[in-house]
Amino acid sequence: MNKIKRASLWGFLLVLVLTMVIGLGITGGLAQETKTIRVMIMANVPEDVEYKLIGLGPFLERNPHIKIEPVPVPSSEYKIKLDAMAAAGTLPDVACHGLSWFTPYAAAGLLLDLTPYVEKDKFDLREAYFPRALELGYYKGGLYHLPYGLTTHVMYYNKTYFKEAGVAYPYDQYKAGKWDWGTFLEAAKKLTVRDVRGKVMRFGYMQGLGWEQWAWMNGAEFVNPIGTKCLMNSPEMAEAIQWVADLALVHGVAPKPGELAGSVHEQFASGRSAMYDCIEVVIHQTIVPSGMDFDVAPMPEGKVGRTSPLRMASFAVSATTEHPYEAYLVARHLGDAEWTRTLYEETGYLQFPEGAAGVEFYLAHKKPPEHSSVFIEAMEDARVYLLDLSVNAGEIRRIIASNLDLVWAGKKSAKDVLPVIEKEVDKLLGEE
Amino acid sequence: MIWKSKLRSRQREAIEGYACILPWILGFILFSMGPVVACIVLSLCQYNILSPAVWIGLGNYRRLFYEPLFWQALKVTAIYTAGAIPLGLGGSLVLALLMNQKLKGITGFRTIYYLPAVVAGIAVALLWRWVFHPDFGLINWILWELFKIVGPSWLLSEAWVLPAFIIMSLWGMGGGMIIYLAGLQGIPITLYEAAEIDGANWWQKFWKITIPMISPVIFFNLVMGIIGSFQIFTQSYIMTEGGPHYGSLFYVLYLFQKGFQDYEMGYASALAWVLFIIILICTLLVFKSSPMWVYYEAKKKR
């Protein structure tokens with residue numbers, strides 16, 4: 001009897017110990033170590049950080065072992081801070097990058113090639129990103145940048161001014177197949193308002209962020225497809241630049257570039273011009289709050305069709321991250337369709353989709369403007385300003401801008417400055 | 001034994017002294033001396049921030065001579081300095097003379113005139129962009145309303161952008177005014193009384209008493225003005241980005257563009273050292289000339 005008791009006791013103890021060991025083993029195996037991912041975010045207001053985290057909510061719920069540590073930096077200091085961190089070897093795991101420094105960072109080996117992680121994740125890049133945006137993420141065959149914050153130019157217009165002037169809306173002209181450079185200029189002239197002294201009180205048109213789209217629409221190119229030779233010294237480029245300059249100098253329907261002090265977005269929102277070509281994000285920031293009755297149309301058709309520049313940023317992973325896969329996951333979820341949907345549901349803010357996966361949701365919810373599909377169509381025609389991918393992008397931009405200052409001021413013709421620009425830009429492209 | 005304990009006490013005192021200034025010494029070595037030494041070394045390297053530096057000796061300094069934009073930046077800065085310093089020195093002296101009057105409420109005026117000097121550079125730059133607006137700016141409005149003159153394009157014109165910045169430099173006159181005011185109030189009243197007894201007029205009193213007596217203050221303002229105007233940056237960075245057509249490409253803006261936008265930190269370091277040498281030479285010249293025009297009462301007495 002005692003033997004049975006003793007055996008039962010030993011058996012009970014054995015089961016207890018085994019249960020404890022297995023239990024500890026299982027929980028120990030299952031509980032993954034928390035992985036903190038530092039994400040550097042351009043943040044001018046607290047919402048810039050808050051929105052990123054709100055959108056990531058469902059992803060973080062599914063991945064409780066991933067913790068986000070935001071590193072907010074104001075946009076004015078962002079690049080300097082990122083460069084300093086790069087120099088010190090303390091880059092955050094994930095950071096937002098501007099297009100003009102995509103190449104220098106990838107070329108310096110500071111970023112992680114995401115290709116193996118995309119394969120491991122079985123992530124469909126083609127579905128997630130617009131093809132033109134995705135192309136920009138590659139450097140020498142490796143994927144370093146995941147597109148974020150895509151946008152392109154469309155023509156905004158103040159419907160009230162068009163109604164008052166008796167001019168057909170650009171979108172209606174576009175649908176009727178009549179929206180081209182000629183009808184655009186005609187409309188701009190009719191919509192420009194002058195005071196008794198002839199001073200322009202309201203411009204017909206105002207340029208938002210650059211003039212490159214006019215050159216493309218006229219059949220001009222900036223650089224060859226592999227980015228090694230500047231092609232700006234062409235009759236098409238000269239004609240396009242002169243046409244843009246003459247909007248101010250000859251026709252007086254637009255301000256000279258740089259003439260408008262302060263935010264150009266706000267000046268359109270306050271009624272300083274009837275048309276404005278700019279990116280999508282201004283709707284939420286300035287136009288809707290102004291209460292303006294507005295809509296959008298594609299850019300007016302030029303000699304070779306219509307196009308607009310693709311503007312974007314990216315999220316990239318540092319080559320020195322200790323958690324490469326988790327950092328990649330965070331980078332790819334920032335701005336994806338789920339992130340966009342969550343953010344919209346929680347805050348009412350709708351970000352432009354990064355690819356086909358988000359288009360339907362965007363079109364169903366983006367109102368105003370009435371014809372928000374114009375943004376999606378513009379993305380299909382969007383062009384990439386390849387000079388921005390040069391390692392000397394900043395200097396090239398300055399060379400072009402400073403020489404064109406003379407054209408905008410009417411001191412030289414586009415034909416005069418383009419040979420100078422091409423020579424100087426070629427010199428820099430040759431250094432790469 | 002006494003000697004020993006004395007030494008110990010001296011040593012203790014020295015240790016305590018060093019311990020007290022240690023935070024400053026550490027701060028100086030880490031945050032001032034360290035960057036200065038690094039800047040010398042980097043100026044001798046090709047360094048793009050993102051990749052390790054490569055030693056190129058005096059390559060960056062040689063390159064300076066062949067860079068047209070280096071000479072343009074130097075020219076723009078020199079013209080600005082030549083225009084802004086006399087205007088600033090003269091303007092703040094006139095203002096200080098006005099503010100030195102014994103009038104009711106003069107303290108309020110002094111405060112008002114000094115206020116602009118404490119406004120942040122970026123805010124000032126944004127404000128002046130509007131002042132210089134060709135169509136709606138205050139200056140062109142005054143020119144048209146009072147004189148029927150169509151004003152220039154100011155910041156949009158290669159020819160007028162530097163005069164615009166020189167005019168704008170007057171905004172900071174309040175700082176110089178306060179220093180002049182302190183100097184003016186230190187002039188013994190007896191000197192003016194004696195001159196009046198001798199029949200001196202206003203101009204004679206100003207030229208023979210006021211100017212010599214405040215010459216050390218003029219000297220100080222001149223040295224600080226030279227250093228400050230060679231380092232002008234924020235205004236052109238915010239208002240014109242060096243344009244139009246490099247018309248406002250100030251030296252420090254060029255240095256910033258090279259270092260932080262074009263990833264040429266080695267070249268930018270060389271630019272920084274050249275700027276240091278230029279400022280040093282200018283300051284030494286002013287110091288060297290000072291015995292000819294700066295009057296020190298204490299020196300005279302000796």
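Sequence order sets the numbering: in each chain, residues are counted from 1 along the sequence as written. Chains and ligands are labelled sequentially in the order written, the chains with letters from A and the ligands with numbers from 1. In view of the model being predicted, local features appear only for residues whose pLDDT reaches at least 70, and side-chain atom pairs are presented and counted only at 80 or more, with totals across whole chains, interfaces and linings using the full set of residues. Side-chain measures here rest on the full set of heavy atoms in the structure, leaving out hydrogens and waters.

### Examining the interface of chain A and chain B
- Chain A puts 30 residues into the contact, and the matching count from chain B is 26 residues.
- Using a 1.4 Å probe, buried area is obtained as the accessible area two parts lose upon being combined, added over both of them. Buried surface at the junction of chain A and chain B, summed over both partners, amounts to about 2400 Å²; 51% is from carbon and sulfur atoms.
- Salt bridges are counted wherever a side-chain nitrogen of Lys or Arg sits within 4 Å of a carboxyl oxygen of Asp or Glu. At the surface where chain A touches chain B, the tally comes to two salt bridges.
- In this structure, Lys258(B) and Glu395(A) form a salt bridge, with 2.9 Å as the shortest nitrogen-oxygen distance.
- Within 3.5 Å is the distance limit for a polar contact, defined as a pair of N or O atoms, with the added protein rule that one can donate a hydrogen and the other accept it, and that residues adjacent in sequence qualify only through two side-chain atoms. In this structure, the connection of chain A to chain B is made through nine residue pairs in polar contact (both at pLDDT 80 or more).
- Put simply, the parts of the chain that give the side of chain A that touches chain B at least two residues each are helix H4 (75-88), helix H5 (102-107) and helix H20 (393-408) of chain A.
- Looking at the side of chain A that touches chain B element by element, the count peaks at eight residues for H20(A).
- Basically, the charged four are Asp, Glu, Lys and Arg, the nonpolar ten are Ala, Val, Leu, Ile, Met, Phe, Trp, Tyr, Cys and Pro, and anything else, Gly included, counts as polar. Here the side of chain A that touches chain B is built from residues that sort into 14 nonpolar, six polar and ten charged. Whether two residues touch is decided by their heavy atoms; if any such pair falls within 4.5 Å, the residues are in contact. Runs of H or I in DSSP of at least four residues are treated as helices and runs of E of at least two as strands, each being numbered from the N terminus.

### Topic: the state of the cysteines
- In plain terms, two cysteine sulfur atoms within 2.5 Å form what is called a disulfide here. By the definition in use, this model includes zero disulfides over all chains.
- There is no disulfide at Cys96(A), and the cysteine sulfur nearest it, in Cys278(A), is 18 Å away.
- Think of it in three bands: residues with accessible area under 20% of the maximum for their type are buried, residues over 50% are exposed, and the middle band is partly exposed, with areas taken using a 1.4 Å probe on protein chains only. Residue Cys96(A) is classed as buried on the basis of its relative accessible area, which comes to 7%.
- With no disulfide of its own, Cys39(B) lies 11 Å from the sulfur of Cys45(B), the closest cysteine sulfur.

### Here we look at the pairing of strand E10 (residues 273-278) of chain A
Residues and elements named next belong to chain A.
- Most of E10 is tucked away: six of the six residues are buried.
- The pairing criterion is simple: DSSP has to find at least two bridges between the two strands. When strand E7 (residues 154-158) meets E10, the two strands line up antiparallel, connected through four bridges. Along E10, the bridge assignment pairs Tyr 156 with Tyr 276.

### Here's the deal with the sheet that holds strand E11 (residues 294-297) of chain A
All names here are of chain A.
- Taken together, five strands build an open sheet; the order of strands is E8-E9-E10-E7-E11 and the sheet is mixed. Each edge of the open sheet is held by one strand with a lone partner, namely strand E8 (193-194) and E11.
- Summarising the sheet, E8 and strand E9 (residues 200-207) pair through two bridges and their orientation is antiparallel. Paired with Val 193 across the bridge in E9 is Arg 202.
- This element, helix H19 (residues 373-381), spans E7 and E11 of the sheet and lies at about 155 degrees to E7. Throughout, an axis means a line fitted to C-alpha atoms (over the contacting stretch in the case of helices), and angles, computed between N-to-C directions, take values from 0 to 180 degrees.

### What to know about the packing of aromatic side chains
- Stacked, edge-to-face and tilted labels apply to pairs of Phe, Tyr and Trp rings (six-membered ring for Trp) whose centres lie within 6.5 Å, assigned for plane angles under 30 degrees, over 60, and everything in between, in that order. Throughout the structure, instances matching the rule amount to 55 aromatic pairs over all chains.
- Summarising the aromatic geometry, the rings of Tyr344(A) and Phe361(A) are spaced 5.7 Å apart at their centres and angled 85 degrees between planes, so their arrangement reads as edge-to-face. In this pair, Tyr344(A) is assigned in helix H17 (residues 337-347) and Phe361(A) in helix H18 (residues 359-365), connecting sequence segments 17 residues apart.
- Judged by relative accessible area, which is 23%, Tyr344(A) ranks as partly exposed.
- Given a relative accessible area of 19%, Phe361(A) falls into the buried group.
- Seen in terms of ring centroids, Trp203(B) and Trp207(B) are 5.6 Å apart; in terms of plane orientation they differ by 10 degrees. Their pairing is stacked. Taken together, the residues span about one helical turn, with Trp203(B) and Trp207(B) both in helix H10 (residues 202-230) at a distance of four residues.

### Comments concerning the nonpolar core
- Each nonpolar core is a collection of buried residues, namely Ala, Val, Leu, Ile, Met, Phe, Trp, Tyr and Cys, held together in the definition by side-chain atoms within 4.5 Å. Counting residues in hydrophobic clusters, the biggest one holds 197 residues, and the most contacted among them are Tyr105(A), Tyr156(A), Trp211(A), Trp214(A), Met275(A) and Ile400(A).
- When residues in this core are grouped by element, the largest group, twelve residues, is from H10(B).
- If we skip the residues at most four places from it in the chain, Trp211(A) touches Phe222(A), Met232(A), Met237(A), Ile241(A), Val244(A), Ile400(A), Leu404(A) and Trp408(A).
- Ranked by size, the runner-up nonpolar core spans 20 residues in total, among them Ala84(B), Ala125(B), Ala164(B) and Met239(B).

### Here we look at the confidence of the model for chain A
- Looking at chain A as a whole, the pLDDT averages 89, with 92% of positions reaching at least 70.
- In predicted models, pLDDT denotes the confidence assigned by the predictor to each residue on a 0 to 100 scale. Taken as a whole, residues 24-30 of chain A scores under 50 in pLDDT and shows zero contacts with residues more than four places along the chain or in a different chain.

### Description of helix H8 (residues 173-185) of chain B
Residue and element names in this part refer to chain B.
- Relative to the 18 Å expected for 13 residues at 1.5 Å per residue, H8 spans 18 Å between its end C-alpha atoms, a close match to the ideal helical length.
- Along H8, the residues classified as buried are Met 173, Gly 174, Gly 176, Met 177, Tyr 180, Leu 181, Gly 183 and Leu 184.
- Among the structural elements, helix H3 (68-99), helix H4 (106-114), helix H7 (161-169) and H10 are those in contact with the buried residues of H8. Multiplying 1.5 Å by the residue count of a helix minus one yields the expected span of that helix.

### Focus on the sheet that holds strand E1 (residues 35-42) of chain A
Residue and element names in this part refer to chain A.
- Across the sheet, which stays open at both edges, the five strands sit in the order E2-E1-E3-E12-E6 with mixed pairing between neighbours. Because the sheet does not close on itself, it has two edges, and the strands there are strand E2 (66-73) and strand E6 (146-152). Averaged over neighbouring strand pairs, the angle between their axes works out to 20 degrees when direction is ignored.
- By the bridge criterion, five bridges tie strand E3 (residues 94-98) to strand E12 (residues 310-317) in an arrangement that is antiparallel. If you follow His 97 over to E12, its bridge partner there is Ser 314.
- Each of E1, E2 and E3 touches H4; the most contacted strand, E1, lies at about 135 degrees to it.

### Focus on the confidence of the model for chain B
- Per-residue confidence for chain B gives a mean pLDDT of 91; residues scoring 70 or more make up 96%.
- Predicted as a complex, the structure gets a pTM of 0.83 and an ipTM equal to 0.77.

### Focus: the pattern of salt bridges
- In this structure the tally under the stated criterion is 20 salt bridges over all chains.
- Of the charged contacts in the structure, one is a salt bridge between Glu67(B) and Arg63(B), with a shortest N-O distance of 2.9 Å.
- The buried category is assigned to Glu67(B), whose relative accessible area is 19%.
- Judged by its relative accessible area of 24%, Arg63(B) is partly exposed.
- A salt bridge links Arg63(B) to Glu264(B), with the shortest nitrogen-to-oxygen separation between them at 2.4 Å. Pair noted here: Arg63(B) is in helix H2 (residues 59-66) and Glu264(B) is in the loop between helix H12 (251-261) and helix H13 (265-293), with a separation of 201 residues, a long-range link.
- Through salt bridges with shared partners, one network takes in Glu395(A), Arg398(A), Arg63(B), Glu67(B), Lys258(B), Asp262(B) and Glu264(B).

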